Structures are given as C-alpha cells and as structure tokens.
Amino acid sequence: MGIAFLAIGVIPDIAGAFALFIALYAISYFFAEFGPNTTTFVLASEIYPAHLRTTAAGISAGTAKVGAFIGVFLFPILLQAMGIENTLLLTFLFSMTGLALTFLLPEPARQNLEQVAGEENLADPTFSTSAGANPEINPEGSGAEGKQQIAG
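Nothing here was measured: the structure is a model prediction, and the numbers come from that model.

### Digging into the packing of aromatic side chains
Here comes step 1: Applying the stated criterion to the full structure yields four aromatic pairs.
Here comes step 2: Taking the centre distance of 5.8 Å and the plane angle of 10° together, the rings of Phe30 and Phe34 count as stacked. Taken as a pair, Phe30 and Phe34 lie in helix H2 (residues 18–34) at a separation of four residues, close to a single helical turn.
Here comes step 3: Its relative accessible area of 48% is what places Phe30 among the partly exposed residues.
Here comes step 4: On the basis of relative accessibility, which here comes to 53%, the residue Phe34 falls in the exposed class.

This is the structure:
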C-alpha cells in the first residue's frame, strides 16, 4: 500500500497515464484491505489474552476508526499545505511505520489462542468438548450418577 502511494507521489503526471494510475490505486486499495484491516480485526482477535479478547478487539477497532477519521479530516489540510506529491510521500511514511510496528506483534500461526496469549497453563486439561473424553463426566447428565456429578 505504501509503495503504491510512493509511486503515485513520485511519478510525475501519473494521473495522465490513466491505466497506470488505476493499477496503482487498485494495488493500494487491495493492500489497504489486506494490511491495516487484517491487523486491526484479524490479529486483534488472535493476540490479546483470552479473558480480554473481545474488549481489547473492540478497543482496537474503535481506535482504528478514530485514526481513519483523523486521516480523512487531515488529508485535505495536508493536501492544501503540502501538495499531492508530498502528502502521498507522508502517507508512504505512515504506511511503512505501520508495517514496521506490525512486525512487533506475535505471530499466531500454528498456535492455539491460549498459546498466543501466553495462557496455555490456564486451560483446564480435564475439560474436553468431545463426548466420552473424560470418563468421570456423564455427557447426558441422566441417572443418579449424572445428577450427583452435576450437583457436586
């Protein structure tokens, strides 16, 4: 996304080359969805501790919306003060800063959510969602044995 902004900002009269401009714009739009949106919504739901996950993901989404509002508000002001080329170069710098900061996040690939959050020791090893995995639990909860286990 940032590289597309850089190209639009440094190539003189890019708007005159319609096909190239549309291609660069499409690339920037694709990576805007693939980059910042993925970081904000997908990674946020994976990297926060399980007991804070929904609240923290909501805070991340809200913060992203505030940042988007500020960007939309400031873009015309920057455009008027700096011109399109310098504004897009600034956008490139912000994009690269976001990319660099993303590398500070833990990589959740091939890990369950508790491992990513560092809570793997908090999980109860006797709990299982598959029927019959724990012989002490009667999945139907019927009969005297099942009622005693549920009550006590």
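There is more to say after this.
### A word on a nonpolar patch on the surface
Here comes step 1: Together, Val66, Phe69, Ile70, Phe73, Leu74 and Ile77 give the surface a local cluster of nonpolar side chains, amounting to about 590 Å² of exposed area.
Here comes step 2: Within the secondary structure, Val66 is located in helix H4 (residues 53–102).

### Looking at the confidence of the model for the protein
Here comes step 1: Confidence in the prediction of the protein, expressed as mean pLDDT, is 76, and 74% of residues score 70 or more.
Here comes step 2: For the protein, helix H6 (residues 143–151) is the element with the lowest average pLDDT, namely 49, and H4 is the one with the highest, namely 89.

### Some points on the nonpolar core
Here comes step 1: Core analysis: the biggest nonpolar cluster contains six residues, these being Phe5, Ala7, Ile8, Ile14, Leu24 and Leu88.
Here comes step 2: What Phe5 contacts, discounting residues up to four positions off in sequence, is Ser28, Leu88, Thr91, Phe92 and Ser95.

### Thoughts on H4
Here comes step 1: Given a rise of 1.5 Å per residue, 50 residues ought to cover 74 Å, yet the end C-alpha atoms of H4 are separated by just 18 Å, more than 12% below that figure.
Here comes step 2: Of all the bends in H4, the largest measures some 115° and sits at Gly83.
Here comes step 3: Every buried residue belonging to H4 is among Arg53, Ala56, Ala57, Ser60, Ala61, Thr87, Leu88, Phe92 and Ser95, and all of these are buried.

### Re the environment of Arg53
Here comes step 1: Checked against the element boundaries, Arg53 lands in helix H4.
Here comes step 2: We classify Arg53 as buried; its relative accessible area is 12%.
Here comes step 3: Of the polar contacts made by the side chain of Arg53, one reaches the backbone oxygen of Tyr48; its length is 2.7 Å.

Parameters at a glance
Here, residues in each chain are numbered from 1, in the same order as that chain's written sequence. At least 70 in pLDDT is required for a residue's local features to be given in this predicted model, at least 80 for side-chain atom pairs to be given and counted, and no such filter applies to totals for whole chains, interfaces and linings, which use all residues. Calculated side-chain values reflect all of the structure's heavy atoms, with hydrogen atoms and water omitted. Centres within 6.5 Å make a pair out of two Phe, Tyr or Trp rings, where for Trp the six-membered ring is used; the pair is then stacked when the planes are under 30 degrees apart, edge-to-face when over 60, and tilted otherwise. Where helices and strands are cited, they refer to DSSP runs of H or I of at least four residues and of E of at least two residues respectively, numbered from the N terminus. Exposure categories follow from relative accessible area, calculated using a 1.4 Å probe and restricted to protein chains: below 20% of the type maximum is buried, above 50% is exposed, and the middle band is partly exposed. Surface patches are drawn from residues lacking salt bridges whose relative accessible area is over 30%; two like charges belong together within 9 Å, two nonpolar side chains (Val, Leu, Ile, Met, Phe, Trp, Tyr) within 5 Å. The Shrake-Rupley method, run with a 1.4 Å probe sphere, supplies the accessible areas, and residue values consider only the shown protein chains as cover. Salt bridges are counted wherever a side-chain nitrogen of Lys or Arg sits within 4 Å of a carboxyl oxygen of Asp or Glu. For every residue, the predictor assigns a confidence score, pLDDT, that lies between 0 and 100. Within this scheme, the nonpolar core is defined by two criteria: the residues are buried Ala, Val, Leu, Ile, Met, Phe, Trp, Tyr or Cys, and they are joined through side-chain atoms within 4.5 Å. By definition, residues are in contact when any of their heavy atoms lie within 4.5 Å. In a helix, the anticipated span is given by 1.5 Å times the number of residues less one. Take the seven residues that end at a residue and the seven that start at it, fit an axis to each, and the angle between those axes is the bend at that residue. Here a polar contact is taken to be a pair of N or O atoms separated by no more than 3.5 Å, where protein atoms must pair a possible hydrogen donor with a possible acceptor and residues adjacent in sequence count only if both atoms sit in side chains.

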